[in-house]
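Observations on the three-dimensional arrangement
Given next are the chains, with one letter for each unit.
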Amino acid sequence: MADTATTVRHNLERPKSTIREKLMEFHLDRDAPIPSPEDVDMSTFDILDPELWRRDAHWEFFKWLRDNDPVHYTPDSFSGPYWSVTRYEDVQAVDIDHKRFSSSWEYGGITLGEGFEDFELPMFIAMDEPRHSEQRKTVQPAVAPNMLKEFEPLIRSRTQGLLDSLPVNEPFDWVDNVSIELTTMMLATLFDFPFEERRKLTRWSDVAVNPHNPDICPGGLDQWKQELMECLTTFMGIFQERGAKPQKNDLISLLAHGEKTRNMTPMELLGNVILLIVGGNDTTRNSMSASVYTLNKWPDQYDKLKADPSIIPNMVSEVIRWQTPLAYMRRTALEDVEMHGKTIKKGDQVAMWYVSGNRDERFWDEDPNRLIIDRKQARNHLSFGFGIHRCVGNRLAELQLRILWEEIMERFEHIEVLDEPERTPHSFVKGYTWMPVILHPKKK
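Residues numbered from 1 in each chain as written. Predicted model: local features only at pLDDT ≥ 70, side-chain atom pairs only at ≥ 80, totals over all residues. Heavy atoms only, no water.

1. Focus: the sheet that holds strand 8 (residues 349-353)
- Strand order in the open sheet formed by five strands is 1-2-8-5-3, with mixed pairing between adjacent strands. Single-partner strands in this sheet number two, and they are strand 1 (71-74) and strand 3 (101-102).
- Helix-sheet contacts for helix 3 (residues 88-96) involve strand 2 (82-85), strand 3, strand 5 (328-333) and strand 8, and the interaxial angle to strand 8 is about 125°. (Pairing = 2+ DSSP bridges. Helix = DSSP H or I, 4+ residues; strand = E, 2+ residues; numbered from the N terminus. Contact = heavy atoms within 4.5 Å. Axes fitted to C-alpha atoms, helices over the stretch in contact; angles between N-to-C directions.)

2. Considerations on the state of the cysteines
- One pass over the full model with this rule turns up zero disulfides.
- Cysteine Cys217 remains unbridged, with the sulfur of Cys231 as its closest cysteine sulfur at 13 Å.
- In this structure Cys217 comes out as buried when scored by relative accessible area, which is 2%. (Disulfide = S-S within 2.5 Å. Buried < 20%, exposed > 50% of the residue type's maximum accessible area, 1.4 Å probe, protein only.)

3. A few points about the nonpolar core
- Residues Ile47, Phe191, Leu201, Phe235 and Trp353 are the most contacted members of the largest nonpolar core, which totals 80 residues.
- In terms of residue count, the dominant contributor to this core is helix 8 (residues 220-243) (eight residues).
- Ranked by size, the runner-up nonpolar core spans 41 residues in total, among them Leu305, Ile311, Tyr432 and Val437. (Core = buried A, V, L, I, M, F, W, Y, C linked by side-chain atoms within 4.5 Å.)

4. Points about the packing of aromatic side chains
- For the structure on display, the rule yields 19 aromatic pairs.
- Taking the centre distance of 5.0 Å and the plane angle of 55° together, the rings of Phe62 and Trp353 count as tilted. Pair noted here: Phe62 is in helix 2 (residues 59-68) and Trp353 is in strand 8, with a separation of 291 residues, a long-range link. Each member of the pair, Phe62 as well as Trp353, is classed as buried. (Phe/Tyr/Trp six-rings, centres within 6.5 Å; stacked < 30°, edge-to-face > 60°.)

5. Examining the environment of His414
- One can find His414 in strand 9 (residues 412-417).
- In sequence terms His414 and Met288 are 126 residues apart; their C-alpha atoms lie 15 Å from each other.
- If sequence neighbours within four positions are ignored, His414 has contacts with Asn296, Tyr302, Lys306, Ile438, Leu439 and His440.
- A polar atom in the side chain of His414 sits 3.2 Å from the side chain of Lys306. (Polar contact = N/O pair within 3.5 Å; in protein donor to acceptor, adjacent residues only side chain to side chain.)

6. A closer look at unusual backbone geometry
- We note that Asp56 has phi near 55°; this positive angle belongs to a residue other than glycine.
- Assignment of secondary structure puts Asp56 in the loop between helix 1 (50-54) and helix 2.
- The phi angle at Asp192 is positive, at roughly 50°, despite the residue not being glycine.
- Residue position: Asp192 is located in the loop between helix 6 (174-191) and helix 7 (199-208).
- Relative accessible area serves as the criterion here: at 35%, Asp192 is assigned to the partly exposed category.

7. Description of the pattern of salt bridges
- Under the definition given, this model contains 43 salt bridges.
- Between Arg156 and Glu406 there is a salt bridge, with the nearest N and O atoms lying 2.7 Å from each other. Note that Arg156 is positioned in helix 5 (residues 145-165) and Glu406 in helix 14 (residues 394-411), a separation of 250 residues in sequence.
- Where Arg242 meets Asp192, a salt bridge forms, and the shortest distance between an N and an O atom there is 3.9 Å. Remark: Asp192 occurs in the loop between helix 6 and helix 7 and Arg242 occurs in helix 8; sequence separation between them is 50 residues.
- Overall, Arg242 belongs to the buried group, its relative accessible area being 9%. (Salt bridge = Lys/Arg side-chain N within 4 Å of Asp/Glu carboxyl O.)

8. Thoughts on the side chain of Thr159
- Within the secondary structure layout, Thr159 lies in helix 5.
- Owing to a relative accessible area of 2%, Thr159 belongs among the buried residues under this scheme.
- Among the polar contacts made by the side chain of Thr159, one reaches the main-chain carbonyl oxygen of Ile155 at a distance of 2.7 Å.
- Apart from residues lying up to four places away in sequence, Thr159 is in contact with Leu182, Ile403, Leu404 and Glu407.

By themselves, these observations are geometric and do not establish any function.
Here it is in structure tokens:
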């Protein structure tokens, strides 16, 4: 494995992040040495510790859990007690068993912890049958195969224009200039949102999943609620406006005209908007950043790609596996369930750790910790989920990544990562906030 940090000097300043108060007394101090699983009491260890995620230091703990305690109970955390399911086949089994494991917001939804009593956000991913399928079907036409064909030339022309505007042989931040910009342009199109205001979508996405992050919500929960209410006010206006006009194929028009969604409560509308923003933004943008980062980590794979760009579609699946942009999804047990000799009690929180299953040596034929762009099993990754809750926009995400790399290979000999990236200090959205790169153009 190559070190991604190079000797090329750059003048880009690493963003300063606030040293936050620990969510739990036993969490790691900022920049403290990372212990090994053998050095801590794993019976009380909390894998949700933000410092582990900020420093990409959770891998050994997940390996220990897979090997020693694949259905693991954490008795105390900021999000309450929870179970961790960490092996591939077990994650898949829980994901498809929606009769015994609920994702409904009424039981707590898809993230660990209790919701805010006066600020619940129903959304179709956090619903059980039949409401889940009724609402999901309403938005599916926006990302149906015929729409993807329509989107492809638009995505390609925007990607070409953006890549052609980037500085060459000069350091810049890939996350902000490419990953965020491309995904936000796509989101604005899906919502038919005012294009010049598209960065509001990025902001709302960041706010929605970071109520306790002082770099995003320094005003805490009050600021979090205020900004989400601004999001609701904006989208309620768009929702009402679209409902008064003939139906189109953008997401808000589909919701405004859908038989099961046209009479949504304001909080249900906000919940679904946040779901679609985060689902369409955080996941794709972090996979775009990961693709550059990991090809630098394994230069032999970059060489393989240069020798045969037809591997790009398979590489896209492999990057999404390797990155796993949403680390887990939560379920709530609707009855007592036995797994690996443990009893998950009715009402218990269960984290399906996609990020761990995607590295489970029991399932993957080749080393799952490496990027292998022609991996035969690449499309079997867990990152999009399984069963009725499988990601509705998965094909669109793959399309955006494929086009990005097709256009990169036309223009650049190499994209070089100049420093270790800054990562999100978050156990749900697994991503990057800053990554300095330099573009080396193709030799003429």
